[in-house]
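A look at the structure
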Amino acid sequence: MRPETKTDVNVNAHTKAEARLPVEEAGWQFDNSYVRLPEPFYVRIAPVPVRAPCLAILNHALAKSMGLNFDTLSDENVAQLFSGNVLPQTADPIAQAYAGHQFGGFTMLGDGRAILIGEHLTQAGSRLDVQLKGSGQTPFSRRGDGRAALGPMLREYIISEAMHALGIPSTRSLAVVTTGETVLRETPLPGAVLTRVAASHIRVGTFEYAARLNDGAYVKTLADYTIQRHYPDLFETANPYLALLRRVIDRQASLVAQWLLVGFIHGVMNTDNMAISGETIDYGPCAFMDEYDPYTVFSSIDYQGRYGYHNQSRAAQWNLARFAETLLPLLDPVQEKALVLAEETVHAFPGIFQQYWLTGMRRKLGLLTEEAEDVELIEALLMCLHEHHADYTNTFRMLTADPLPDDTLFQDSAFAAWHAQWQARLARQPESKAAAYRLMRASNPAILPRNHCVEAALTAASERGDYKEFRRLLGAVADPYIDKPEYREFCTPPSAAERVQQTFCGT
Ligand code: AMP
Ligand code: MG
């Protein structure tokens, strides 16, 4: 029996009227393992009801892949569900506790505006967190209102879905519901709740939190839980905790390499925004860069460029060092040895990252074999792009055109020299040029949610309630590796006037 909580009261209030709630019909299979962890890891708390929930968008494809079906529910019922006003009885809502290094400084945190309603088990056997974001105050809210504005929630929805479509591990977005309430930021904005689906919400910051509580006991509890949930094969290894560190380092190296390959800038790589599962999480001021510039920073709060494009691998390694520190008591009973193990493991990150990046870059250039000079070839192209302010996405895509399209970059003599070198490199591999170009088209997206398109779509949706553009863009980014003439407008880089210079957290 779970204890009588605010949740039970809330749900019961609704269940009295109706024996079986419509929201039960969707096919939920909740099995909430996180609440079986010791109490300090979470607080049981229900979402704070909202005044007038209204469904803005529902991700039918994701629902289907989760074995959920909302077709028999009215939009009103779906809105009641995804606002948190009415939860299935098998939900067991909690706010998770965690800590984090934010821009280098340590803070105790927790879900200040999110509620994990439970873990849904799919037919295929995956366990997925279902979290409502913008669901009201919790004991972790500090001075925040626990709410979210519609624009940033739609932004997370579209960019996370685009990431998934690109093949990059990411949390997903199941629904956005408007609340009928206003949230006060710099200006009054429409409130909304996003339903986020994640492999889990265990963060580097969750381990930092456990490590702060006591010396090793809670970290062991959390590490065992994490291994069981994400990487059960590691229990077979001689040192599962060292293996966990290695695995998480590997997942992050792969993830951040994939971000760089598509020109993605996360923007707030604090340790509380780094998921142990290796999924991209917390889409705040993130953005894809248009013209190639490794020093690109979009986030309005990232004054020093700590989380700028080319700093992301360094930031990831810094976070992983914080993760390693929490594991020290588990790595070896002799702490000097544990320290050496942790250091060796974290120091391997740059090499692992570089390998993922190089493998991805080779694919972007159609290289099916490996040559020692490939790094120079890749860097020479990037330098050309930088000098010419060339569009990162379109340039790689255009390289497969024969002849090359009319573009100022392609008129340049330095580029011509590079192009000849690249063509010679392609000719040296046994595979045909057609095979190389096929690989390139499968590795270089044609369509991304470019900042100026996202902003225009969000403005129309959140200021005028017009979702036409948002849905069109969502449709376009769902299939990013195919050229579709009907979506050409989304492939055009922004004009000077359209260019978005800064992105905001929007919390
Ligand atoms: P984020 O920037 O979204 O990663 O959030 C960082 C921390 O601030 C997390 O602990 C959030 O729960 C908390 N937070 C963000 N926005 C709010 C809000 N509006 N009310 C309460 N807490 C918030
Ligand atoms: Mg966060």
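Residues numbered from 1 in each chain as written. Chains lettered and ligands numbered in written order. Predicted model: local features only at pLDDT ≥ 70, side-chain atom pairs only at ≥ 80, totals over all residues. Heavy atoms only, no water.

1. What to know about the pairing of strand β9 (residues 172-184)
Short version of the rule: Two strands are said to pair when DSSP picks up at least two bridges between them. Strands are runs of DSSP state E lasting at least 2 residues, helices are runs of H or I lasting at least 4, and numbering of each runs from the N terminus.
In this structure, strand β2 (residues 54-58) lies alongside β9, joined through four bridges in antiparallel fashion. Each residue of the ladder has a partner; that of Cys-54, found in β9, is Thr-178. For β9 and strand β10 (residues 188-198), the ladder comprises nine bridges, and the chain directions are antiparallel. Across the sheet, residue Arg-172 finds its bridge partner in β10, namely Val-197.

2. A few points about the pattern of salt bridges
Basically, it comes down to this: Each salt bridge in this description consists of a side-chain nitrogen of Lys or Arg and a carboxyl oxygen of Asp or Glu lying within 4 Å of one another. We call a residue buried when its accessible area falls under 20% of the maximum for its residue type, exposed when it is over 50%, and partly exposed in between, using a 1.4 Å probe and counting protein chains only.
For the structure on display, the rule yields 33 salt bridges. Between Arg-147 and Glu-181 there is a salt bridge whose closest N-O contact spans 3.9 Å. Of this pair, Arg-147 sits in the loop between β7 (127-133) and β8 (148-149) while Glu-181 sits in strand β9; the two residues are 34 residues apart in sequence, bridging distant segments of the chain. Its relative accessible area of 10% is what places Arg-147 among the buried residues. Relative accessible area serves as the criterion here: at 25%, Glu-181 is assigned to the partly exposed category.

3. Here we look at the packing of aromatic side chains
Heads up, the condition is: Aromatic pairs are defined between Phe, Tyr and Trp rings, using the six-membered ring for Trp, whenever the two ring centres lie within 6.5 Å; interplanar angles under 30 degrees are classed as stacked, those over 60 as edge-to-face, and all others as tilted. Think of it as a cone above the ring: NZ of Lys or CZ of Arg counts as a charge over the ring if it is within 6 Å of the ring centre and within 35 degrees of the ring normal.
Inspection of every chain in the model, using the stated rule, returns 22 aromatic pairs. Among the aromatic side chains, those forming a connected cluster through ring pairs are Phe-410, Phe-415, Trp-418, Trp-422 and Tyr-437. Residue placement shows Arg-203 over the ring face of Tyr-98; its charged tip is 4.1 Å from the ring centre. Positioned above the aromatic ring of Trp-318, the side-chain terminus of Arg-306 is 4.7 Å from the ring centre.

4. Notes on empty space enclosed by the protein
Heads up, the condition is: As defined here, a cavity is a set of points on a 1 Å grid over the protein atoms alone where a 1.4 Å probe fits but cannot get out. A pocket is an open set with protein on both sides within 12 Å along at least five of seven lines, and residues line them when an atom is within 4 Å of a point. Grid points are joined across faces, edges and corners, and a volume is the space filled by probe spheres set on the points. Residue type decides the class: Asp, Glu, Lys and Arg count as charged, Ala, Val, Leu, Ile, Met, Phe, Trp, Tyr, Cys and Pro as nonpolar, and the leftover types, Gly among them, as polar.
Summed over all chains, the structure comprises two cavities of 30 Å³ or more. In this structure, the largest cavity encloses a volume near 70 Å³. Together, Gln-252, Leu-255, Trp-259, His-266, Met-269, Asn-273, Met-274, Ala-275, Glu-279, Thr-280, Ile-281 and Asn-319 line the largest cavity. Its residues assigned to classes, the lining of the largest cavity comprises six nonpolar, five polar and one charged. Space inside the second largest cavity adds up to approximately 30 Å³.

5. As for the nonpolar core
Note the following rule: For our purposes a nonpolar core is just a set of buried Ala, Val, Leu, Ile, Met, Phe, Trp, Tyr and Cys residues, chained together by side-chain atoms within 4.5 Å.
Counting 120 residues, the largest nonpolar core has Val-176, Phe-207, Trp-357, Leu-399, Trp-422 and Phe-470 as its most contacted members. Per-element tally for this core: the top contributor is helix α7 (residues 240-262), with 15 residues. Membership of the second largest hydrophobic core comes to 35 residues, among which are Phe-70, Ala-99, Phe-140 and Val-177.

6. Notes on the confidence of the model for the protein chain
What counts, and what does not: Scored from 0 to 100, pLDDT records how confident the predictor is in each individual residue. The criterion used for residue contact is that any of the two residues' heavy atoms lie within 4.5 Å.
Looking at the protein chain as a whole, its pLDDT mean stands at 94, while 95% of the residues score no less than 70. With pLDDT under 50 throughout, residues 1-18 is counted as low confidence; its partners more than four residues away or in other chains account for 26 contacts.

7. A look at the environment of Leu-194
With respect to the secondary-structure elements, Leu-194 resides in strand β10. Classification of Leu-194 by relative accessible area gives buried; the value is 0%. C-alpha of Leu-194 to C-alpha of Ile-265: the two residues are 71 residues apart in sequence and 21 Å apart in space. In contact with Leu-194, other than residues within four places in its own chain, are Gln-131, Leu-132, Lys-133, Met-153, Glu-156, Tyr-157, Ser-173, Ala-175 and Val-176.

8. Details of the packing of α7 against helix α9 (residues 335-347)
The description of two helices packed together rests on the angle between their axes and the distance between the axes. To keep it simple, the criterion reads: To obtain an axis, a line is fitted to C-alpha atoms, over the contacting stretch when the element is a helix, and the angle between two such axes runs from 0 to 180 degrees between their N-to-C directions. In what follows, roughly perpendicular refers to angles from 65 to 115 degrees, roughly parallel to angles under 35, roughly antiparallel to angles over 145, and oblique to any angle outside these ranges. Two helices crossing with the near one rotated counterclockwise from the far one by less than a right angle form a left-handed crossing, whereas a clockwise rotation gives a right-handed crossing.
α9 packs onto α7 with a crossing angle of 20° between their chain directions and a minimal axis gap of 10 Å. It follows that α7 is roughly parallel to α9 by the angle criterion. You can see that α7 and α9 cross each other, and the crossing is right-handed. Contacts from Leu-242, Leu-245, Arg-246 and Ile-249 in α7 reach Leu-341, Ala-342, Thr-345 and Val-346 in α9. Considered class by class, the residues forming the contact of α7 with α9 number six nonpolar, one polar and one charged.

9. Structural notes on the site of ligand 1
Cut-off, in case you're wondering: We call a residue near a molecule or strand when any one of its heavy atoms sits within 4 Å of it. Counted as a polar contact is a pair of N or O atoms within 3.5 Å, where, for protein atoms, one must be capable of donating a hydrogen and the other of accepting one, and residues adjacent in sequence contribute only when both atoms are in side chains.
Of all residues adjacent to ligand 1, which total 18 residues, the nearest are Gly-110, Gly-112, Arg-113, Asp-145 and Gly-146. Take Gly-110: an N or O atom from its main chain is 2.7 Å from an oxygen atom of ligand 1. Between ligand 1 and the protein, one listed contact pairs an oxygen atom with a backbone N or O atom of Gly-112 at 2.7 Å. Looking at the shell around ligand 1 residue by residue, the class counts come to two nonpolar, eight polar and eight charged.

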